[in-house]
Amino acid sequence: VNLDDYLLAIVPSEMPASWQAEALKSQAIAARTYAVFHMWLARKVHKRLWDVDPTTWYQSYRGALVENQRVTPQVEATAGQILSYNSKIIEAFFSSNSGGMTCSISECFGYSDRPYIVAQKDVDGVRAKPGGTWKTAVTPEGLAARLEKLQAEGKLKISDLIPQYQGPKDLMGLEIHEAGPAGRIKTLNLLLANGAEVNLSPAVSREMRWQFGMKTNYYEVDSPVPGATQAVTGYGLGHGVGLSQWGAQVMANQGAVYADILKFYYKGVNITPLW
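Criteria and cut-off values
- Residues numbered from 1 in each chain as written.
- Predicted model: local features only at pLDDT ≥ 70, side-chain atom pairs only at ≥ 80, totals over all residues.
- Heavy atoms only, no water.
- Pairing = 2+ DSSP bridges.
- Helix = DSSP H or I, 4+ residues; strand = E, 2+ residues; numbered from the N terminus.
- Axes fitted to C-alpha atoms, helices over the stretch in contact; angles between N-to-C directions.
- Contact = heavy atoms within 4.5 Å.
- Salt bridge = Lys/Arg side-chain N within 4 Å of Asp/Glu carboxyl O.
- Buried < 20%, exposed > 50% of the residue type's maximum accessible area, 1.4 Å probe, protein only.

**Student:** In this structure, what is going on with the sheet that holds strand 5 (residues 171-179)? I would like to understand it.
**Tutor:** Strand-to-strand pairing in sheets goes through backbone hydrogen bonds, with the strands running parallel or antiparallel. Spatially, the 3 strands line up as an open sheet ordered 5-6-7, and their pairing is antiparallel. The sheet terminates laterally at strand 5 and strand 7 (197-199), the two strands that pair on one side only. On average, each strand axis in the sheet is inclined to that of its neighbour by 30°, with strand direction left out of account. Sheet analysis places strand 6 (residues 185-192) next to strand 7, joined by 3 bridges and oriented antiparallel. Across the sheet, residue Asn189 finds its bridge partner in strand 7, namely Asn199. Helix-sheet contacts for helix 5 (residues 140-152) involve strand 5 and strand 6, and the interaxial angle to strand 5 is about 70°.

Okay, structure coming up:
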């Protein structure tokens, strides 16, 4: 797909067409930058025959049918503009809602940080937007079902974690063991009915989060009470690295232009012509 045509469908796939023009422009530049970075990566580093796929693993692309008359002028108004840092194109990560705090690359993705993306407080009001705050719950029965599922999948052995395990009655709840500087959860403790704690590995902690419907790794858990549901309050939707789409909309509603939005989320960058 031609890059310009690709962007006409990417922006309304990633951001509501009804949003402010300056938010749409910031999304267009971030999406163009991200696409070109991965084109370079695919062709020069990975030697692939394809650049990106149409899913949110890269960027959501739903085809020409989603092109929108409100969005197209904003994409065209930013034609050829990309983000660079020290004269090199950046990997312009973005997600739906940071939950109030953006995340560094190392904390959320586990690989080396880049100077243009830092963990920082997001703009006021994003937690009140869709995906900004969410709730779920943990029960001993749910914990048991998840542990048994993970065991069936060969991802753990319950008896290695809990000798003489007999079922939900042995379980109490979850507790945060380690969190990163931006508040993202790295590991959890499994609390047992006998008062003991079992430290779960990062991989198993992630599995527990995903299977409990926790939308991000940015959350808090209430202290468990025997025989009761353990409440979980979480923040954000998506990984939280780079531009927060709801943050961009909040800033645009407050009068910020696209350059302001992009330079808030990507530090030290320039908006430069691609061609």
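Anyway, onward from the coordinates.
**Student:** Can you help me understand the pattern of salt bridges in this one?
**Tutor:** Any two side chains of opposite charge can pair, given that their charged atoms come close. A complete count under the given rule lists 9 salt bridges for this structure. Asp124 is the partner of Lys121 in a salt bridge, and the nearest nitrogen-oxygen pair spans 2.5 Å. The two residues Lys121 and Asp124 agree in class, both being exposed. A salt bridge links Lys155 to Glu207, with the nearest nitrogen and oxygen atoms 2.9 Å apart. Placement of the pair is Lys155 in the loop between helix 5 and helix 6 (158-161) and Glu207 in helix 7 (residues 202-211), with a sequence separation of 52 residues. By relative accessible area, Lys155 is classed as partly exposed at 44%. In this structure Glu207 comes out as buried when scored by relative accessible area, which is 15%.

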